Amino acid sequence: MFHLFRKDIEKHCAYCKSGSVINEGQVICSSRGVVDSAAPNNKERRPIPMNVSQVYAVYFSATGNTRKVTTTLANALAVSFDVPLEVRDFTLPAAREEAYEFAAGDLVVFGMPTYAGKLPNKLLDFVKSGFHGNGALAVPVVTFGNRSFDNSLAELCACLEGDGFHTIGAGAFACRHAFTDALANGRPDSDDMAELAKLGSAVVGRIVRMTEYPAPVTVDGDADAPYYRPLGLDGEPKVFLKAKPKTDLDKCIHCGVCASLCPMGSINPDDVTEVVGVCIKCHSCVRNCPMGAKYFDDSAFLSHRAMLERDYTRRAEDKIFTA
Ligand SMILES: Cc1cc2nc3c(=O)[nH]c(=O)nc-3n(C[C@H](O)[C@H](O)[C@H](O)COP(=O)(O)O)c2cc1C
Ligand code: SF4
Ligand code: SF4
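The structure presented is a predicted model; accordingly, all values stated were derived computationally and were not measured.

### Some points on the site of ligand 2
Right, on to step 1. Near ligand 2 lie 13 residues; those nearest to it are Cys252, Cys255, Val257, Cys258 and Cys289.
Right, on to step 2. Here the shell around ligand 2 is composed, by residue class, of nine nonpolar, three polar and one charged.

### With respect to the environment of lysine 319
Right, on to step 1. Here lysine 319 is to be found in strand β15 (residues 319–321).
Right, on to step 2. Judged by local crowding, lysine 319 falls into the partly exposed class, with 18 C-beta atoms found within 10 Å.
Right, on to step 3. For the pair lysine 319 and valine 219, spaced 100 residues apart in the sequence, the C-alpha separation amounts to 9.3 Å.
Right, on to step 4. The residues touching lysine 319, leaving out its near neighbours within four places in the chain, are Gly171, Ala172 and Asp220.

### With respect to the nonpolar core
Right, on to step 1. In this structure, Leu73, Leu77, Val108 and Val109 are the most contacted members of the largest nonpolar core, which totals 64 residues.
Right, on to step 2. Listed by contribution, the elements that provide at least two residues to this core are β5 (54–59), α1 (65–81), β8 (106–113), β10 (137–144), α3 (152–162), β12 (170–174) and α4 (190–209).
Right, on to step 3. Residues in contact with valine 109, not counting those within four places in the same chain, are Tyr56, Ala57, Val58, Thr70, Leu73, Ala74, Leu77, Val139 and Val141.
Right, on to step 4. Membership of the second largest hydrophobic core comes to nine residues, among which are Cys258, Ile267, Val272 and Cys279.

### Digging into the environment of tyrosine 115
Right, on to step 1. With respect to the helices, strands and loops of the structure, tyrosine 115 is situated in the loop between β8 and α2 (124–129).
Right, on to step 2. In this structure tyrosine 115 comes out as buried when scored by C-beta crowding, with 21 C-beta atoms within 10 Å.
Right, on to step 3. Measuring from C-alpha to C-alpha, the distance between tyrosine 115 and aspartate 150 comes to 9.7 Å, with 35 residues separating the pair along the chain.
Right, on to step 4. With residues near it in sequence (within four places) discarded, tyrosine 115 still touches Pro120 and Asn121.

### Topic: the pairing of β12
Right, on to step 1. Where burial is concerned, most of β12 is hidden: five out of the five residues are buried.
Right, on to step 2. Going residue by residue along β12, you find Ala170, Ala172 and Ala174 tucked away on one face and Gly171 and Phe173 tucked away on the opposite face as well.
Right, on to step 3. Two strands pair when backbone bridges link them, and β10 and β12 are joined in this way by four bridges, in the parallel orientation. For valine 142, the partnering residue across the bridge sits in β12 and is alanine 172.
Right, on to step 4. Looking at chain direction, β12 and β15 are connected through three bridges and run antiparallel.

### Regarding α4
Each α-helix winds once per 3.6 residues, and so residues spaced three or four apart point in a common direction.
Right, on to step 1. When the terminal C-alpha atoms of α4 are compared, their 29 Å separation across 20 residues agrees well with the 28 Å that a helix rising 1.5 Å per residue should span.
Right, on to step 2. Taken residue by residue, α4 has Asp192, Leu196, Leu199, Gly200, Val203, Val204, Ile207 and Val208 as its buried positions. Seen along its axis, α4 keeps its buried residues to an arc of 160°; they face one direction. Among the exposed residues of α4, those pointing more than 90 degrees away from its buried face are Ser190 and Ala194.

### Digging into the pairing of β8
Right, on to step 1. Where burial is concerned, most of β8 is hidden: eight out of the eight residues are buried.
Right, on to step 2. Here β5 pairs with β8 via six bridges, running parallel. Residue pairing in the sheet places valine 55 in a bridge with leucine 107 of β8.
Right, on to step 3. As defined by bridge partners, β8 adjoins β10 across seven bridges and the pair is classed as parallel. Residue pairing for β10: leucine 107 is matched across the bridge by leucine 137.

### Notes on the packing of α1 against α4
Right, on to step 1. Running from N to C, α1 and α4 point in directions that differ by 40°, and their axes come no closer than 10 Å. The angle between α1 and α4 falls in the class oblique. The chirality of how α1 crosses α4 is right-handed. Between α1 and α4, the residues in contact are Val69, Thr72, Leu73, Ala76, Leu77 and Ser80 and Met193, Leu196, Ala197, Leu199, Gly200, Val203 and Val204, respectively.
Right, on to step 2. Tallied by class, the residues present in the contact of α1 with α4 amount to 10 nonpolar, three polar and no charged.

### With respect to the environment of isoleucine 267
Right, on to step 1. Structurally, isoleucine 267 can be placed in the loop between α5 (257–261) and α6 (284–288).
Right, on to step 2. Sequence spacing of isoleucine 267 and valine 278 is 11 residues, and the spatial spacing of their C-alpha atoms is 9.3 Å.
Right, on to step 3. The residues touching isoleucine 267, leaving out its near neighbours within four places in the chain, are Cys258, Ala259, Cys262, Val272, Val275 and Cys285.

### Some remarks on α1
Right, on to step 1. The end-to-end C-alpha distance of α1, which contains 17 residues, comes to 25 Å, matching closely the 24 Å that a straight helix rising 1.5 Å per residue would cover.
Right, on to step 2. Burial of α1 is extensive: 13 of the 17 residues sit out of reach of the surface.
Right, on to step 3. One or two steps after α1, the chain reaches aspartate 82, where phi turns positive at roughly 55°.

### Some remarks on the confidence of the model for the protein chain
Right, on to step 1. Per-residue confidence for the protein chain gives a mean pLDDT of 88; residues scoring 70 or more make up 85%.
Right, on to step 2. Within the model, pLDDT remains below 50 along residues 1–48, and this stretch shows 89 contacts once partners closer than five positions in the same chain are excluded.

Conventions used here
- Residues numbered from 1 in each chain as written.
- Chains lettered and ligands numbered in written order.
- Predicted model: local features only at pLDDT ≥ 70, side-chain atom pairs only at ≥ 80, totals over all residues.
- Near = placed C-beta within 6 Å.
- Nonpolar A, V, L, I, M, F, W, Y, C, P; charged D, E, K, R; others polar.
- Helix = DSSP H or I, 4+ residues; strand = E, 2+ residues; numbered from the N terminus.
- Buried ≥ 20, exposed ≤ 12 C-beta atoms within 10 Å, placed from the backbone.
- Contact = placed C-beta atoms within 7 Å.
- Core = buried A, V, L, I, M, F, W, Y, C linked by C-beta atoms within 7 Å.
- Pairing = 2+ DSSP bridges.
- Expected span 1.5 Å × (residues − 1).
- Arc of directions from axis to C-beta.
- Axes fitted to C-alpha atoms, helices over the stretch in contact; angles between N-to-C directions.
- Parallel < 35°, antiparallel > 145°, perpendicular 65-115°, else oblique.
- Left-handed = near helix turned anticlockwise from the far one by under 90°.
- pLDDT = per-residue confidence, 0-100.

Rendered as structure tokens:
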């Protein structure tokens, strides 16, 4: 959590008396936008068209990293602008049955994980068709598991611009890999939170200075690049698209948690050993099973995971983009 204003420089909007903060010489009224503190008697007010009236945290997050990163940033932005925060979690299938509408005046932190160097393939259609920005500002963020975010952030930026959002800042944050605790365990950590705070400060600074819609944020990567091909211990590509989790029946207590949290709705709640639909290898069932009963035993998958554990234990850097 971070605050962009201090008590000793807080001011109130002379017009509506509502809570206002001062940032780099500008008074920002929570209901009227920017009010120029330098104007004589505060009579001349310069409301900007992108005045923020609502912050949203919107995310897909199978194992919790993206939820944490997205809600932390969105919460900090809501505090900074002194506006409400709403959460739109589209991880579960029921949340993807309808479209989400936003409006000018909304600031949307939109978070997705990196899968094979891009956005999760099975979610792509919904990201492209299920969100209507209608001129809202957006901060795309991706998480990645210590290998690389490759092209996922570029793809997310392109999707959101295509949805009618204006992207004004973006970031990629390294987090524990869904496949293994050997990569980035404990992340996002306090250093990652400091990077998130930096991104938040830059976004607020940009918005309060804004007098017209910004050019799309420029990020690393290529939205149209192909997916990363997972390699194995032998350096050869490994294909495990058809792999599905197994269930250790000696451990399973038939609680149904795995079925209720599968983002694809693919686990049969009446027999959790059955994966009846597509499996995206998200590891929600593995990570959320209270008994540690879910596991993958596909040899190609295990070889890829072992390669990651051998080659990608160094600390990957977060990266933020603000222009
Ligand atoms: C199917 C799959 C593919 C992944 N591919 C990558 C990748 O290409 N690069 C990377 O650094 N991390 C990769 N990861 C790790 C995730 O990006 C990382 O764990 C992310 O924070 C998970 O987000 P979540 O906790 O919100 O589900 C992958 C994870 C999964 C499940
Ligand atoms: S979450 Fe684990 S214990 Fe519960 S039903 Fe699924 S496999 Fe069994
Ligand atoms: S069955 Fe596959 S898609 Fe469903 S939660 Fe498990 S890993 Fe994810």
